[in-house]
Amino acid sequence: MGEDVAAQEFTPADRTRYREKVRRCLDVLERMLAESSFDTDDPWTGVEVELNLVDAGGDPALRNDEVLEAIDDPGFQTELGRFNIELNLPPGPLADGGLIACEQSLRESLNAAEERASAVGAHQVMIGILPTLTESHLTAEAISENPRYHLLSDQILAARGEDLSIDIRGPERLRTVVDSIVPEAACTSTQFHVQVSPERFASYWNASQAVAGVQLAVAANSPYLLGRRLWAETRIPLFEQATDTRSEELITQGVRPRVWFGERWITSVFDLFEENVRYFPALLPVLDEEDPLTVLEAGGTPNLPELRLHNGTIYRWNRPVYDVSGGLPHLRVENRLLAAGPSVVDTVANAAFYFGLVRALAEADRPLWSQMSFSAAEENLHLAARDGIDAEIYWPGLGRVRATELIVRRLLPLAYEGLAAWGVGHDEAHRYLHLIEQRCLRGVNGSSWFVEQMREREDDDRLDALRAVLNVYREHMAENRPVHTW
């Protein structure tokens with residue numbers, strides 16, 4: 001979905017031709033996986049961060065066009081909501097100071113952008129859901145000007161055939177109905193990319209699925225939506241519901257959701273792309289002139305645009321990515337679980353924990369996923385999203401265990417091993433993994449901190465309290481303080 005899509009209408013014939021083209025792309029991908037040379041030398045990692053925009057008082061600032069014009073940096077891009085922007089860092093290796101370079105690059109980019117954005121009355125905040133959003137912000141007028149977002153919203157609503165229903169139960173309950181996918185824009189995330197060979201892809205994707213729960217538990221950062229305290233990571237149920245193309249009848253029939261954890265461990269990256277084609281109709285049937293088979297047989301590398309666009313409208317929490325760089329194809333696992341923030345150093349700590357842990361588990365002699373059911377991994381995801389730092393999850397050999405205890409006793413040592421395998425020095429690894437350990441020992445992450453601050457203001461007007469806490473949050477974020485020290 002990173003590519004621009006022009007405003008247009010689609011006919012039934014368009015959808016038929018698109019389905020045929022996507023299947024042709026899938027056939028070519030299958031042949032490439034068997035015959036082609038993928039870029040696997042010196043694999044790189046990448047980080048993307050989605051940001052919210054607020055005014056001086058902490059309310060949403062629907063001004064991303066002005067902000068992007070002021071920032072004038074191609075690394076920053078538009079996002080679905082007019083109160084969102086996204087920063088894409090250049091990918092690079094983890095070895096030889098890659099994590100520290102990531103932190104420095106992220107800080108420098110955000111500091112420069114903040115200075116320019118503030119000149120037009122907007123400020124950046126890294127948080128999973130902007131707590132000062134109100135229902136007045138969740139209308140079609142809040143969708144960014146880029147035609148692809150309006151087109152996507154129209155197609156999701158048309159596929160569903162009725163308005164979207166949001167119903168989330170936590171300590172409080174939120175029930176509302178909306179006529180666009182703007183609630184999806186409320187979900188701002190951090191995405192980690194791991195480049196991996198076709199032969200190792202299944203191991204890295206399975207490992208990423210297996211650790212989803214522990215990732216969320218230690219990094220939850222979205223406790224409030226529309227004034228209600230809901231899940232520790234409310235982004236998870238909100239995103240699942242905000243892009244659901246299924247009516248109640250289709251849900252009852254077992255039709256799969258477009259925001260999807262999946263339903264099985266895989267043996268090949270092809271499994272995921274094949275499921276996408278088999279289970280999901282096209283939302284944006286935009287045809288490209290490329291004939292992928294002709295390109296492949298001529299010795300070139302096909303871009304597979306239809307397959308990639310279709311893949312971008314199926315929101316797996318760990319998404320497969322096919323891309324072409326320097327004329328060579330490569331594959332990535334895109335880890336999409338975590339909220340943005342709270343600070344830059346916290347974000348890099350989350351990245352270090354993920355990159356290290358997934359490397360250690362993917363390269364282990366006995367796969368973790370051979371010891372646990374896929375449904376247990378999915379249940380862990382939702383338990384951790386609901387309960388955050390206090391979550392208890394299932395782990396092979398231990399049964400039900402506090403996620404924080406599991407991380408400190410079992411998983412941090414594995415993360416150190418994995419980072420060493422990436423070429424990260426011990427001191428650099430300790431700089432970031434120590435922050436994960438301290439969150440566990442102190443029982444603090446972004447979500448729990450925000451809830452505690454709100455508890456101290458429980459006698460105040462709810463929206464005023466949310467604004468006040470968000471402004472304190474933004475001050476700590478600007479100081480780049482790790483959340484366990486707030």
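You'll find the structure just up there.
Please read all numbers here as calculations on a predicted model, not as lab measurements. (Residues numbered from 1 in each chain as written. Predicted model: local features only at pLDDT ≥ 70, side-chain atom pairs only at ≥ 80, totals over all residues. Heavy atoms only, no water.)

> Help me understand the overall build of the protein, please; the structure alone is not making it clear to me.
Along the backbone of the protein there are 18 helices and 15 strands. Computed over the C-alpha atoms, the radius of gyration of the protein is 21 Å, within 12% of the 23 Å expected from 2.2 N^0.38 for a compact globule of 486 residues. Seen through its principal axes, the protein has C-alpha atoms that stretch 65 × 50 × 45 Å. Taking all 486 residues of the protein together, the buried fraction comes to 59%. Contacts in the protein between residues far apart in sequence, at least 24 positions, make up 75% of those at least 6 positions apart. Accessible surface, the protein as shown: approximately 19,000 Å² in total, 45% of it carbon and sulfur. (Helix = DSSP H or I, 4+ residues; strand = E, 2+ residues; numbered from the N terminus. Rg over C-alpha atoms; globule rule 2.2 N^0.38 Å. Buried < 20%, exposed > 50% of the residue type's maximum accessible area, 1.4 Å probe, protein only. Contact = heavy atoms within 4.5 Å. Areas by Shrake-Rupley, 256 points an atom, 1.4 Å probe, with all protein chains shown as cover.)

> Explanation requested: the pattern of salt bridges in the structure shown.
Close approach of charged atoms allows side chains with opposite charge to pair. Inspection of the entire model under this criterion finds 31 salt bridges. The salt bridge partner of Arg 256 is Glu 263, with a shortest N-O separation of 3.0 Å. Residue classification places Arg 256 among the partly exposed residues on the basis of a relative accessible area of 27%. Three or more residues joined by partner-sharing salt bridges are found here, namely Arg 264, Asp 271, Glu 275 and Arg 316. (Salt bridge = Lys/Arg side-chain N within 4 Å of Asp/Glu carboxyl O.)

> Before we go on, may I ask you to explain the packing of aromatic side chains in this structure?
Ring pairs (aromatic) are described by centroid distance and by the angle formed between their planes. Taken as a whole and assessed by the stated rule, the structure comprises 17 aromatic pairs. Both rings, one in Trp 265 and one in Phe 374, keep their centres 4.9 Å apart while their planes meet at 75 degrees; by these two values the pair is edge-to-face. Within this pair, whereas Trp 265 is found in the loop between β10 (259–260) and α10 (269–279), its partner Phe 374 is found in helix α14 (residues 374–387), the two being separated by 109 residues in sequence. You'll find Trp 265 and Phe 374 in the same group, each marked buried. Centre to centre, the rings of Tyr 279 and Phe 280 are 6.5 Å apart; their planes meet at 85 degrees, and the pair counts as edge-to-face. Judged by relative accessible area, Phe 280 falls into the buried class, the value being 6%. Counting every residue linked through ring pairs, the aromatic cluster contains Tyr 224, Trp 449, Phe 450, Tyr 473 and Trp 486. Sitting over the ring of Tyr 279, Arg 256 keeps its end group 3.6 Å from the ring centre. Of note, Arg 359 hangs over the ring of Trp 422, and the distance from its end group to the ring centre comes to 4.5 Å. (Phe/Tyr/Trp six-rings, centres within 6.5 Å; stacked < 30°, edge-to-face > 60°. Lys NZ or Arg CZ within 6 Å of the ring centre and 35° of its normal.)

> Would you take a moment to explain the layout of surface pockets for this structure?
Regions of empty space are outlined by a rolling probe, equal in size to a water molecule, passed over the atoms. Reported here for the second largest pocket is a volume of approximately 390 Å³. Lining the second largest pocket are 18 residues, with Glu 240, Gln 241, Asp 244, Arg 246 and Ile 251 positioned closest to its centre. Broken down by secondary-structure element, the contributors of at least two residues to the lining of the second largest pocket are β5 (164–169), α8 (235–242), α9 (248–252), β10 and α14. For the lining of the second largest pocket, a count of residues per class yields seven nonpolar, four polar and seven charged. (1 Å grid on protein atoms, 1.4 Å probe; cavity = no way out; pocket = protein on both sides within 12 Å on 5 of 7 lines; lining within 4 Å. Points joined across faces, edges and corners; volume = space filled by probe spheres on them. Nonpolar A, V, L, I, M, F, W, Y, C, P; charged D, E, K, R; others polar.)

> Explain the nonpolar core to me, please; I cannot follow it from the model alone.
Soluble globular proteins: nonpolar side chains tend toward being buried together. Grouped together as the largest cluster of nonpolar side chains are 161 residues, with contacts concentrated most on Phe 76, Phe 201, Phe 353, Phe 355, Ile 407, Leu 419 and Phe 450. Of all the elements, helix α13 (residues 344–362) adds the most residues to this core, at 13 residues. (Core = buried A, V, L, I, M, F, W, Y, C linked by side-chain atoms within 4.5 Å.)

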